[in-house]
Amino acid sequence: MVSRSLIVFLLSFFSCSVFAQPVSLQFRDVPLNDFLRLAYGQLLKKNYVIDPAVIGDGRSVSLDVKGLPSADLPSFVDSLLRSYGLSSSLVGGVGIVTG
């Protein structure tokens, strides 16, 4: 089931070019796995692999960020992952998320 905040994000995301202007993100209780798919697939436009242990992680993401420079998106996502005890790396252009 798609949460309301996910729909709000998608509508706001597709109404602007991510790399042309600052980005605003609002998530309320979005499953971590869904957030990772959106972050890598839609925001960062990267191929990605998520560790099976992370896929099974039951935590959710809630955040409200306004005016984030698009150039700061990769470091923002990395910092958020670290706050959840996860790590990410880029191998051959593919984002790897591990627990």
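A.B. asks: How do you make sense of the overall build of the protein chain when you look at a structure like this?
C.D. replies: Assigned secondary structure in the protein chain consists of four helices and five strands. Each helix and strand of the protein chain, ordered N terminal to C terminal, gives the series α-β-α-β-α-β-α-β-β. Expressed as a percentage of contacts within the protein chain between residues at least 6 apart in sequence, the contacts between residues at least 24 apart total 70%. Of the roughly 5600 Å² of accessible surface on the protein chain, 58% is carried by carbon and sulfur atoms.

A.B. asks: Sorry if this is basic, but what is going on with the packing of aromatic side chains here?
C.D. replies: By convention here, two paired aromatic rings are described through the distance between centres and the angle between planes. One pass over the full model with this rule turns up two aromatic pairs. Centre to centre, the rings of Phe 27 and Phe 35 are 5.2 Å apart; their planes meet at 85°, and the pair counts as edge-to-face. For Phe 27, a relative accessible area of 0% puts it in the buried group. Overall, the relative accessible area of 1% leaves Phe 35 in the buried class. Ring geometry for Tyr 40 and Tyr 48: centres 6.1 Å apart, planes at 40°, overall tilted. A relative accessible area of 5% places Tyr 40 in the buried class.

A.B. asks: Teacher, can you tell me more about unusual backbone geometry here?
C.D. replies: If a residue is not glycine, its phi is most likely negative; likewise, a peptide bond is most likely trans. The phi dihedral of Asp 29 is positive, around 55°, even though this residue is not glycine. Within the element layout of this structure, Asp 29 appears in strand 1 (residues 23-31). On the accessibility criterion, Asp 29 (56% relative accessible area) is exposed. Backbone geometry places Lys 45, a non-glycine residue, at a positive phi of 55°.

A.B. asks: Hey, could you run me through the sheet that holds strand 4 (residues 87-91) in this one?
C.D. replies: Strands pair in a sheet through their backbones, by hydrogen bonds, and they do so in one of two ways: parallel or antiparallel. Taken in spatial order, the three strands of this open sheet run 2-5-4, and their pairing is mixed. Every interior strand has two partners, whereas the edge strands, strand 2 (47-50) and strand 4, have only one. Averaged over all adjacent pairs, the angle separating strand axes in this sheet is 20°, with direction ignored. Examined bridge by bridge, strand 2 and strand 5 (residues 94-98) share four bridges and lie parallel to one another. The partner of Tyr 48 across the bridge, within strand 5, is Gly 95.

A.B. asks: Please clarify how the nonpolar core should be interpreted in this entry.
C.D. replies: One broad trend across soluble globular proteins is that nonpolar side chains are buried collectively. Grouped together as the largest cluster of nonpolar side chains are 25 residues, with contacts concentrated most on Phe 35, Leu 36, Tyr 40 and Leu 63. Elements represented by at least two residues in this core include exactly strand 1, helix 2 (32-43), strand 3 (60-68) and helix 4 (73-83). When residues of this core are assigned to their parent elements, the largest contribution, seven residues, is made by helix 2. Excluding its chain neighbours within four sequence positions, the residues that come into contact with Leu 63 are Leu 25, Gln 26, Phe 27, Arg 28, Phe 35, Phe 76 and Leu 80.

About the cut-offs
- Residues numbered from 1 in each chain as written.
- Predicted model: local features only at pLDDT ≥ 70, side-chain atom pairs only at ≥ 80, totals over all residues.
- Heavy atoms only, no water.
- Helix = DSSP H or I, 4+ residues; strand = E, 2+ residues; numbered from the N terminus.
- Contact = heavy atoms within 4.5 Å.
- Areas by Shrake-Rupley, 256 points an atom, 1.4 Å probe, with all protein chains shown as cover.
- Phe/Tyr/Trp six-rings, centres within 6.5 Å; stacked < 30°, edge-to-face > 60°.
- Buried < 20%, exposed > 50% of the residue type's maximum accessible area, 1.4 Å probe, protein only.
- Pairing = 2+ DSSP bridges.
- Axes fitted to C-alpha atoms, helices over the stretch in contact; angles between N-to-C directions.
- Core = buried A, V, L, I, M, F, W, Y, C linked by side-chain atoms within 4.5 Å.

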